[in-house]
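Descriptive structure summary
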Amino acid sequence: MAAPTITIAAGNDDLAIKPAAPPPDLGGVYRTRSLTRVRTPGSRRTASRASHERRSDHLDVEDEDDWLRDDGRKKQVFRGTTLLWLAYQSIGAIYGDIGTSPLYVFSSTFTDQPTYDDLLQVLSVVLWSLTIMVTLKYVLIILRADNQGEGGTFSCYSLLTRYANITDRDPREARLIKMERHETGDMRPSNRTLRSSMERSKFMRGLLKTIGVLAVSMVIADGVLTPAQSVLGAVQGLSVVSPDISSSTIVGASCAILVVLFCLQPLGTTKLATLFAPIVILWLGFNAGFGIYNLVMYDHSVLKAFSPYFAIHFFVEKKTAAWKMLGGILLAFTGVEALFADLGAFSMRAIQISWLSWCYPCLLLAYVGQAAFISVHPEAYTNPFYNAVPPGMLYPSLIVAVLAAIVASQAMITAVFQLISQLMKLSYCPQVKVVHTSTKFHGQLYVPFVNWILLCGTILVTCVYSNTTRLGNAYGVCVMFVTFFDTCMVTLASLIVWRLSPLLVFLPWLFFATVDGLYLSSALTKVPDGAWFTITIAGILTCIFLLWRFGKENQWHAEAEDRFRPAQLVHRTDDSPDSGLVLAPRWGGGTVSRIRGFGIFFDKTGTLTPMVFTQFVSKFGTVPDAMVFFHLHPVEAPSVPSSERYAVSRIGAVPGCYRLVVRHGFMDEVITPDLAALIYEQVRNYVIRDATGHGHGHGNEPPKEVVEEEHEDSSAATSTAAARDRDSRTTDTDDSHHQEEVRTAHESAEEKKKKREVLALADETARAELGRLDRAFASKVMYIVGKEQMHIRPAATSLPRRVLLTTFLWIRDNTRAKIANLRLAMDRIVEVGFVKEI
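Everything in this summary refers to the structure shown in the same document. Counting from 1, residues in each chain are numbered in the order their sequence is written. pLDDT decides what is reported in this predicted model: residues at 70 or higher carry local features, side-chain atom pairs at 80 or more are listed and counted, and totals for whole chains, interfaces and linings draw on all residues regardless. The basis for every side-chain value is the complete set of heavy atoms in the structure, and neither hydrogens nor water enter the calculation.

In this section: the overall build of the protein. Helix and strand counts for the protein come out as 30 helices and 10 strands. Here the protein holds 838 residues, and the buried ones make up 57% of them. Every accessible area reported is derived by Shrake-Rupley at a probe size of 1.4 Å, with residue values counting cover from the shown protein chains alone. For the protein, the accessible area works out to roughly 33500 Å², and carbon and sulfur atoms hold 61% of it. Elements are defined by DSSP. Helices are runs of H or I of four residues or more, strands are runs of E of two residues or more, and each kind is numbered from the N terminus. Accessible area is worked out with a 1.4 Å probe on protein chains only. A residue is then buried under 20% of its type maximum, exposed over 50%, and partly exposed in between.

With that out of the way, let us pick up the nonpolar core. One finds Leu130, Phe333, Trp355, Tyr367 and Ile420 to be the most contacted residues of the largest nonpolar core, which totals 167 residues. Sorting elements by how many residues they give to this core places helix 9 (residues 202-236) first, with 16 residues. Contact criterion: two residues are considered in contact whenever any of their non-hydrogen atoms come within 4.5 Å of each other. Other than its neighbours up to four places away in sequence, Ile420 contacts Ile220, Val432, Val447, Val450 and Phe545. For the purposes of this section, nonpolar cores are sets of buried Ala, Val, Leu, Ile, Met, Phe, Trp, Tyr and Cys residues that join through side-chain atoms within 4.5 Å. Core analysis: the second largest hydrophobic core is formed by 31 residues, Phe598, Ala626, Tyr686 and Val781 among them.

A cavity here means a set of 1 Å grid points, computed over protein atoms only, where a 1.4 Å probe fits but cannot escape. A pocket is an open set with protein on both sides within 12 Å along at least 5 of 7 lines, and lining residues have an atom within 4 Å of a point. Grid points are joined across faces, edges and corners, and a volume is the space filled by probe spheres set on the points. Empty space within the largest pocket amounts to approximately 1100 Å³. In this structure, the largest pocket is lined by 43 residues; those nearest its centre are Tyr104, Ser107, Ser108, Leu331 and Thr468. Counting residues per element, the lining of the largest pocket draws most heavily on helix 9, which supplies six residues. Looking at side-chain class alone, the lining of the largest pocket contains 14 nonpolar, 23 polar and six charged residues. All residues other than Ala, Val, Leu, Ile, Met, Phe, Trp, Tyr, Cys, Pro, Asp, Glu, Lys and Arg, Gly among them, are scored as polar; the first ten of these are nonpolar and the last four charged.

Exposure above 30% relative accessible area and no salt bridge define the residues that can form patches, which grow by joining like charges within 9 Å and nonpolar side chains of Val, Leu, Ile, Met, Phe, Trp and Tyr within 5 Å. For this analysis, a salt bridge means a side-chain nitrogen from Lys or Arg found within 4 Å of a carboxyl oxygen belonging to Asp or Glu. Taken together, the side chains of Leu136, Leu140, Ile141, Leu356 and Phe511 present a nonpolar region at the surface, about 370 Å² in accessible area. By the secondary structure assignment, Leu140 is in the loop between helix 5 (116-139) and helix 6 (153-163). The class of Leu140 is partly exposed, set by a relative accessible area of 35%.

This paragraph deals with the packing of helix 5 against helix 13 (residues 320-329). Note on definitions: angles span 0 to 180 degrees between N-to-C directions of axes, and those axes are lines fitted to C-alpha atoms, for helices only across the stretch in contact. At a minimum axis separation of 11 Å, helix 5 and helix 13 run at an interaxial angle of 55 degrees. Comparing the axis directions of helix 5 and helix 13 gives the class oblique. Our pair here, helix 5 against helix 13, has a crossing hand that is right-handed. Contacts between helix 5 and helix 13 involve Val122, Val125, Val126 and Ser129 on the former and, on the latter, Met325, Leu326 and Ile329. Each angle is binned into one of four classes, with values under 35 degrees roughly parallel, values over 145 roughly antiparallel, values of 65 to 115 roughly perpendicular, and all other values oblique. Put simply, a crossing is left-handed when the front helix is turned counterclockwise from the back one by less than a right angle, and right-handed when it is turned clockwise.

Between helix 8 (residues 189-200) and helix 9, the least distance of the axes is 5 Å, while the angle of their chain directions is 90 degrees. In terms of their interaxial angle, helix 8 and helix 9 are classed as roughly perpendicular. Taken together, the residues of helix 9 that come into contact with helix 8 (itself represented by Met198, Glu199 and Arg200) are Lys202, Met204, Arg205 and Leu208. Taken together, the residues that form the contact of helix 8 with helix 9 break down as three nonpolar, no polar and four charged.

Inspection of the secondary structure assignment puts Thr135 in helix 5. Judged by relative accessible area, which is 8%, Thr135 ranks as buried. Excluding anything up to four places from it in sequence, Thr135 contacts Leu130, Leu140, Trp355, Leu356 and Tyr360.

Residue placement: Lys324 occurs in helix 13. Separated by 201 residues in sequence, Lys324 and Thr525 have C-alpha atoms that sit 8.1 Å apart.

Structure representation (structure tokens):
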């Protein structure tokens with residue numbers, strides 16, 4: 001068992017049932033750096049009763065925040081069959097988009113029947129683009145730039161913020177962030193200079209922030225476009241067997257399929273990926289098999305395209321025409337940005353295994369096989385996949401192609417869920433509900449609100465554009481912007497995080513940036529034809545995300561003045577347990593009276609003084625007889641063991657005041673109708689253990705010797721039952737004996753607990769403290785929550801700033817959680833409103 005610890009702290013934090021769910025905004029949020037404490041290895045202080053008696057309580061000396069452990073997201077490492085299972089799932093969730101590219105790459109690249117040389121050159125560029133952009137750049141390099149297992153451009157930015165001081169954080173999330181900034185002496189001079197420039201330059205910080213948010217917005221814009229494009233393409237594929245199918249039928253069927261697809265998302269990534277993986281595997285297998293057949297039956301000489309000579313000669317010979325054709329060739333790797341963004345739902349090793357062992361070889365064979373057929377039948381370029389299908393396989397391939405095209409959008413949908421979660425962690429997006437769909441794979445998420453917004457967007461796009469030709473013009477630009485941003489972000493990470501030599505990094509960056517630039521500049525020619533649509537959506541989303549961050553930073557600044565300890569708010573009149581209280585001069589002084597009852601103040605950050613407590617005391621001049629600062633601390637795990645869940649501390653500046661920190665996982669439910677009883681029990685147990693000399697434990701953790709005794713009792717009962725089970729599997733006598741032994745063990749534990757309580761009651765101070773708690777809880781229970789309103793300062797605020805802040809406050813007021821949604825007795829809730837100026 002880990003060494004038990006007790007925390008004495010003061011502060012405020014989220015009212016959240018799960019870390020993934022949006023916490024009600026109940027009080028102050030402070031700048032992270034202002035809460036930083038410098039600790040030395042020997043600076044730990046304990047909370048035994050003797051130590052409490054040796055110091056003056058009114059000085060408000062607090063224990064270290066031992067509950068502030070590394071509870072943030074941790075990178076999961078999978079091996080063996082679990083890794084193979086994850087690799088299998090990743091095929092169904094990630095490669096649908098990039099895997100269906102053989103349907104349209106050649107038809108989008110050529111505008112007329114290609115010559116053999118043209119075909120060979122374009123094929124070479126396609127093969128080497130897949131190799132360079134996907135295999136070399138993403139699968140082997142960029143996937144390594146994860147932030148505790150999370151992927152995507154914004155996660156790469158988040159990784160940089162952990163290794164360089166380039167952002168401020170919301171303290172509600174700062175508890176979950178592990179800062180790992182390298183010591184100055186551990187870095188090369190050039191790397192150190194770069195980091196210092198980033199930290200000092202406001203322009204650089206703003207640029208990195210904008211790039212990270214813009215990349216997320218572009219992926220979301222593609223997330224609206226991709227389902228419409230893939231499903232429309234799938235339904236239009238039916239025209240191969242039914243050419244007279246009408247446009248309205250295609251649009252109607254596409255919308256129906258989209259509704260079903262998005263309604264399946266609550267099932268979670270694991271179930272959907274398991275369902276979709278056979279479809280994508282079969283689809284890629286068909287492509288590989290058809291490719292081998294066409295190579296054997298038609299023209300195997302196209303295998304020469306694996307030589308980079310033909311790709312280089314393509315640019316040398318065609319020049320501007322070659323550059324323009326890149327807009328069609330890039331469709332061969334659209335979806336690669338989702339491969340990185342979906343990293344958090346799977347793992348680097350799983351993605352590498354699935355890509356290198358199946359998807360990559362299948363796609364190479366698919367393109368080579370289509371080229372072999374087109375070299376003999378040049379007119380087949382208009383519909384390369386279906387025209388190159390072997391005899392007798394048209395209908396099976398049509399069915400599989402339609403199914404594969406439908407599930408192709410899953411990669412982008414999953415990526416959007418991942419990225420929205422990342423934005424919320426750094427306060428770039430209003431809090432929305434996030435559901436963890438797996439207890440085993442912690443990064444698999446579902447975001448209901450975003451799911452339905454995507455559904456509405458894709459149906460609207462489907463109805464407006466109505467065919468894949470018009471949608472195709474809007475495709476590709478955002479992909480290339482994101483890949484270029486990824487190149488730059490990972491380059492910075494290699495210098496700041498991995499501390500590689502600039503000489504080693506510069507040439508790879510120049511090579512990949514050049515390739516990105518070629519494709520991006522070619523894709524930009526599509527802007528007038530439809531790419532303006534996705535760029536516009538991305539621009540609007542970027543403005544919203546940056547506006548929210550701007551508003552939150554102003555909110556943190558306004559709340560910074562409320563950063564203080566309880567002793568700075570109220571003073572004790574003497575050192576007795578029943579000491580009176582007076583307000584500090586800053587709040588006008590005056591005696592603080594007592595009211596009967598048990599007050600539970602919802603605390604947002606878990607350190608210093610909760611803002612709702614400050615407002616309650618300063619406005620009403622009174623406090624409950626017994627009160628608890630209740631703080632929920634989310635942990636990036638499905639559940640927290642009961643022995644590690646509770647941390648109780650005593651607030652020395654206020655008699656009868658405690659703090660209870662509940663560490664909970666994303667599958668735990670904490671806010672329940674009997675919440676007050678749970679809080680009362682944990683605080684009471686803490687007082688009893690503290691009085692009997694075991695005050696170093698968490699709220700519900702028994703003393704070590706008691707644990708050992710109970711363990712011996714339970715072990716004896718278990719071993720006895722096991723022996724009997726070996727002798728006689730299931731007899732009524734054995735069952736009754738086993739139940740009796742278990743009941744005896746439980747009764748023994750209850751007796752030990754009662755003995756500890758008797759010992760505590762022998763202590764006069766503890767008896768008085770327990771009496772205060774019991775009387776307060778029996779009298780009434782109050783859940784005291786804060787409702788913070790923001791007001792824009794009338795003076796010293798320019799018109800643009802006022803417009804931005806007004807918009808932020810409107811969004812904030814319409815997205816914050818409602819107190820009425822809490823599963824608590826409404827007649828016990830006291831809402832304290834207050835106003836802060838920004």
